[in-house]
Amino acid sequence: MIALRQLKRVPSNHKIVIEVPENIAENQLMEVILLFKEPPKISRAEKIAQLKESQYDPLFLADLQEVNDDFSYVDSEEW
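Rules and cut-offs
- Residues numbered from 1 in each chain as written.
- Predicted model: local features only at pLDDT ≥ 70, side-chain atom pairs only at ≥ 80, totals over all residues.
- Heavy atoms only, no water.
- Helix = DSSP H or I, 4+ residues; strand = E, 2+ residues; numbered from the N terminus.
- Rg over C-alpha atoms; globule rule 2.2 N^0.38 Å.
- Buried < 20%, exposed > 50% of the residue type's maximum accessible area, 1.4 Å probe, protein only.
- Polar contact = N/O pair within 3.5 Å; in protein donor to acceptor, adjacent residues only side chain to side chain.
- Salt bridge = Lys/Arg side-chain N within 4 Å of Asp/Glu carboxyl O.

## Some points on the overall build of the protein
A count of helices and strands for the protein gives 2 helices and 0 strands. Over its C-alpha trace the protein gives a radius of gyration of 23 Å, far above what one expects of a compact globule, namely 12 Å for 79 residues. Evaluated residue by residue, the protein yields a buried proportion of 1% over its 79 residues.

Okay, structure coming up:
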């Protein structure tokens, strides 16, 4: 099985052309599945604001420290 992913925007005429690679044989059976992405629930500016607030979140900082501790041994080894 070959998987090919193409992201397309819906044009005004609601018709999409699918580009098939040249190495796929003519009359090859294909399965086309359309997955529609949900629009983001929050704006990009809100996401950036949340990221900036995360640097003060005690739970996030504790998780970050735990991951850092888990890798401290590996980080001290020479490559």
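Having seen the model, we can carry on.
## A word on the environment of Asn13
Checked against the element boundaries, Asn13 lands in the segment before α1 (44–54). Residues Asn13 and Val74, spaced 61 residues apart in sequence, show a C-alpha to C-alpha distance of 55 Å. From its side chain, Asn13 meets the backbone nitrogen of Lys15 in a polar contact 3.0 Å long.

## Some thoughts on the pattern of salt bridges
All chains considered together, the criterion is met by 1 salt bridge. Its salt-bridge partner being Lys8, residue Glu19 comes within 3.3 Å of it at the nearest N-O pair. One end of the pair, Glu19, is in the segment before α1; the other, Lys8, is in the segment before α1, with 11 residues separating them in the sequence.

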